[in-house]
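# Close look at the chain arrangement
Each chain, letter by letter, is given below.
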Amino acid sequence: MYNIYDQSEDAGQAAGEQKQQVKRELMEFLKLVFYFLLVFTVVRWYGVESYEIDGPSMEPTLQHGDRILVFKLPHVLSQFSPFHGLQALKPNDIVVFQSPDTPDKRYVKRVIAKGAHAPALNTVDAKQREDGQPDADGVRVEYSRGDLFINRHRVEEPYVPEYANQRRESYGEVVLGSGQYYVLGDNRDNSKDSRSFGPVDDRRIVGKAVLRFWPLSKFSLVR
């Protein structure tokens, strides 16, 4: 007696299993793509973002065409009540922020002073208050004849070269409230900043510039 072997049935079963395997692999691939896009979106919106410098306002620190990485997460976290004590930004940090007067435009400038906190800068020609705190009605910033004054103390700015501050212009005193930043470009004679559009609110800050990655010959931390 001979056993009858149905090859067509076996082949059909194998084809069905192969289709199931292809479906499983396709689902795994789609999951991988989804997770990648999710992580990419989270990192881009809340983590790190790259920018290209357009213009001379931060020369010589940053020059036209330089590319930088901006770290956003600490500032994002500082907006939530459990992290209100987090000092994500401080004076001398270089930040990217949304323009107060031009929609969809972003600027890169240096934080000069922050409202509700005494600026951590080197001051000369004046005494600090004994308690180390700013005036009760806010942090006062004045730009007079090319010199910077915070709470009426002249501030040394080693990052501003003499050739970039020839105009020696003067602007009225500004009082910073809580959550406000006074920002200036290092190239004072060629920068649109808080001298023209006033303080920048917390909610407009994108993040802190931390690294220049292009050109490779100038690869360095941003300071």
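Residues numbered from 1 in each chain as written. Predicted model: local features only at pLDDT ≥ 70, side-chain atom pairs only at ≥ 80, totals over all residues. Heavy atoms only, no water.

### Section: the pairing of strand β1 (residues 48-52)
Along β1, the buried face is formed by Glu-49 and Tyr-51; none of Val-48, Ser-50 and Glu-52, which line the opposite face, is buried. As paired strands, β1 and strand β2 (residues 67-71) are joined by five bridges and run antiparallel to one another. Paired with Ser-50 across the bridge in β2 is Leu-69. (Buried < 20%, exposed > 50% of the residue type's maximum accessible area, 1.4 Å probe, protein only. Helix = DSSP H or I, 4+ residues; strand = E, 2+ residues; numbered from the N terminus. Pairing = 2+ DSSP bridges.)

### Comments concerning the confidence of the model for the protein chain
Averaged over all residues, the pLDDT of the protein chain equals 81, while 74% of them reach at least 70. Contacts of residues 117-136 to residues separated by more than four positions or lying in other chains number 39 contacts, the stretch itself having pLDDT below 50. (pLDDT = per-residue confidence, 0-100. Contact = heavy atoms within 4.5 Å.)

### Focus: the pairing of strand β4 (residues 106-114)
Among the nine residues in β4, eight count as buried, and that is most of the element. In the sheet, strand β3 (residues 94-98) pairs with β4 via five bridges, with the strands oriented antiparallel. Across the sheet, residue Gln-98 finds its bridge partner in β4, namely Arg-106. Where β4 lies against strand β10 (residues 180-184), four bridges are found, and the strand directions are antiparallel. Paired with Lys-114 across the two strands is Tyr-181, which belongs to β10.

### Examining the packing of aromatic side chains
Using the criterion set out here, one finds four aromatic pairs in the structure. For the ring pair Phe-97 and Phe-197, a centre distance of 6.1 Å and an interplane angle of 65 degrees mean the geometry is edge-to-face. Here Phe-97, found in strand β3, pairs with Phe-197, found in helix α3 (residues 194-197); they are 100 residues apart in sequence, far enough to count as distant. What links up through ring pairs into an aromatic cluster is the set Phe-97, Tyr-107 and Phe-197. Directly above the ring of Tyr-159 sits Arg-110, whose terminal nitrogen or CZ lies 3.9 Å from the centroid. Looking at Arg-195, its charged tip hangs above the ring of Tyr-143, at a distance of 5.1 Å from the centre. (Phe/Tyr/Trp six-rings, centres within 6.5 Å; stacked < 30°, edge-to-face > 60°. Lys NZ or Arg CZ within 6 Å of the ring centre and 35° of its normal.)

### Some thoughts on a nonpolar patch on the surface
Residues Leu-26, Met-27, Phe-29, Leu-30 and Val-33 make up a contiguous nonpolar surface patch of about 470 Å² in total accessible area. A relative accessible area of 45% places Leu-30 in the partly exposed class. (Patch = residues over 30% accessible without salt bridge, like charges linked within 9 Å, V, L, I, M, F, W, Y side chains within 5 Å. Areas by Shrake-Rupley, 256 points an atom, 1.4 Å probe, with all protein chains shown as cover. Salt bridge = Lys/Arg side-chain N within 4 Å of Asp/Glu carboxyl O.)

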